[in-house]
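Residue-level structural notes
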Amino acid sequence: MLHSVISGNLSSLLALGGILFAFVVTVSGTAKLGPYLPKDAGREFAHDGKLSAGKPRGAGIIFVLAFEVAAFLFVPVKAEITIYLILTAICMVTGFLDDASEKPWGEFRKGFLDLCVAALVAMTYLRYNPNTIDLALFHVQVTIPAPLFAVLIVILVWVSVNVTNCADGVDGLSGTLTIITIMTIYLVDRILGRGEDFSFLILLFAVCILGYLWYNATPSRLLMGDAGSRAMGVFISIAILKTGCPVLYVPIALVLILDGGLGLIKVALLRLFKIRIMKNIRTPLHDHVRKVWGWSNTQTVFRYAIIQIILSVAVVYGIGLQ
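Attention in this report is confined to the structure presented alongside it. Just so we're clear, the structure is a prediction, and the values are computed from it rather than from any experiment.

Reading the values: rules and limits
Residues numbered from 1 in each chain as written. Predicted model: local features only at pLDDT ≥ 70, side-chain atom pairs only at ≥ 80, totals over all residues. Heavy atoms only, no water. Core = buried A, V, L, I, M, F, W, Y, C linked by side-chain atoms within 4.5 Å. Buried < 20%, exposed > 50% of the residue type's maximum accessible area, 1.4 Å probe, protein only. Helix = DSSP H or I, 4+ residues; strand = E, 2+ residues; numbered from the N terminus. Contact = heavy atoms within 4.5 Å. Axes fitted to C-alpha atoms, helices over the stretch in contact; angles between N-to-C directions. Parallel < 35°, antiparallel > 145°, perpendicular 65-115°, else oblique. Left-handed = near helix turned anticlockwise from the far one by under 90°. Nonpolar A, V, L, I, M, F, W, Y, C, P; charged D, E, K, R; others polar. Phe/Tyr/Trp six-rings, centres within 6.5 Å; stacked < 30°, edge-to-face > 60°. Pairing = 2+ DSSP bridges. Expected span 1.5 Å × (residues − 1). Salt bridge = Lys/Arg side-chain N within 4 Å of Asp/Glu carboxyl O.

If you look at the biggest cluster of nonpolar residues, it comprises 88 residues, and the most contacted ones within it are Phe63, Val121, Phe198, Leu201, Phe235 and Leu248. Considering each element in turn, this core owes the most residues, 14 residues, to helix α7 (residues 196–216). Apart from residues no more than four positions distant in its own chain, Phe63 is found in contact with Thr26, Phe205, Cys208, Ile209, Tyr212, Met224, Gly228 and Met232.

In structure tokens form, the structure reads like this:
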């Protein structure tokens, strides 16, 4: 909105204003609205899950709304980006309704909603972008038939939403990993010269998560809940799609994938095929490293972050060699 009336030499000043606006609104909004959020009942099967009982839950609604407002004010919002913002908001709303519900929503209900959002992301992306992807680390372009590409996008979005959601169980963990992932995507965008407008959206989203982490660092005052984790998951998937290099999702979000995804695979194999794997490994993995290996919450966040930063640096360096 403001971008339409301010241009030229003032654009950089507008960008600075947008970043400061996003952070201040998130921090102040969280401080004022946090006490009114639904209270967490504690996670019975999670390591130290009962410690979260009584804390405000669903704070994702605050930082995602702050992001949405900042995006509409400071980014030249076109039709494609508007749809992505709406879909991110939908994930936030459905997640918050689950957070606020006395009886948690069932897995099939949430899975169906995720599938619907994923299908809409696929339709939108293919409407505005080519069905060609870059294998950036190998300097190769591949054209994928549109129907197959749509299916792959649905899988990408569904996986991203769910592994990010499952990784939310330690103060500051999923937010920190998401920031590392999307900032790596930002660097990839800049190296490859991809869309500047969406790159700025990434910065705004990262800043809003930082505003939330101001209160979520150990010991946390509140929790993002599904309202935050599901919105982060869908945003990551859209951001990696917009680079034109969706395969990079694997190394750029590998820690999120392993931490949240192994549990999904473990449960799926058990329920569908009665196959038991990883019998001696607690999932999500952040429960295993704390319960079995004795890592503290702070060690878990820092060590996970260090691993992902190393992977991300390697990816950025590899792309920069083009």
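Turning our attention to the packing of helix α6 (residues 173–192) against helix α8 (residues 225–242). Where α6 contacts α8, the two axes come as close as 10 Å, and the packing angle between them is 15 degrees. Compared by their axis directions, α6 and α8 come out roughly parallel. Note that α6 runs across α8; the crossing there is left-handed. Between α6 and α8, the contacting residues are Ser174, Gly175, Thr178, Thr181, Ile182, Ile185 and Asp189 on the first element and Met232, Phe235, Ile236, Ala239, Ile240 and Lys242 on the second. Class assignment for the residues of the contact of α6 with α8 results in seven nonpolar, four polar and two charged.

Our focus in this paragraph is the packing of aromatic side chains. In the structure shown here, the tally under the stated rule is 12 aromatic pairs. A ring pair is formed by Phe21 and Phe74, whose centres lie 5.5 Å apart and whose planes are at 50 degrees; its orientation type is tilted. Residue Phe21 is found in helix α1 (residues 11–33), and its partner Phe74 is found in helix α2 (residues 60–74); the two are separated by 53 residues along the sequence. Measuring from centroid to centroid gives 5.3 Å for Phe63 and Tyr212, while their planes differ by 40 degrees, and the two rings are tilted. In this pair, Phe63 sits in helix α2 while Tyr212 sits in helix α7, placing the two residues 149 residues apart along the sequence. For Phe63, a relative accessible area of 0% gives the class buried. An aromatic cluster of at least three residues, connected via ring pairs, comprises Phe63, Phe67, Tyr84, Phe198, Phe205, Tyr212 and Phe235.

To continue, consider the pairing of strand β2 (residues 140–143). Side chains on a regular strand alternate between the two faces of the sheet. Bridge count for strand β1 (residues 132–135) against β2 is four bridges, and the pairing is antiparallel. Looking at β2, one finds that Asp134 is bridged to Gln141. Counting the residues in the hairpin turn of β1 and β2 gives four residues, including His139, whose phi is positive at 60 degrees.

Its 18 residues give α8 an end-to-end C-alpha distance of 26 Å, which sits within 8% of 26 Å, the value for a rise of 1.5 Å per residue. Taken across its 18 residues, α8 has 17 buried, putting it largely inside the fold.

This next bit is on the pattern of salt bridges. Evaluated as defined, the whole model comprises seven salt bridges. Among the ionic pairs, Lys242 bridges to Glu80, the shortest N-O distance being 3.1 Å. Linking Lys242 in helix α8 with Glu80 in helix α3 (residues 79–100), this pair joins segments that are 162 residues apart in sequence. Through salt bridges with shared partners, a single network forms among Asp98, Lys110, Asp114, Asp226 and Arg230.

The analysis is restricted to geometry; functional conclusions fall outside its scope.
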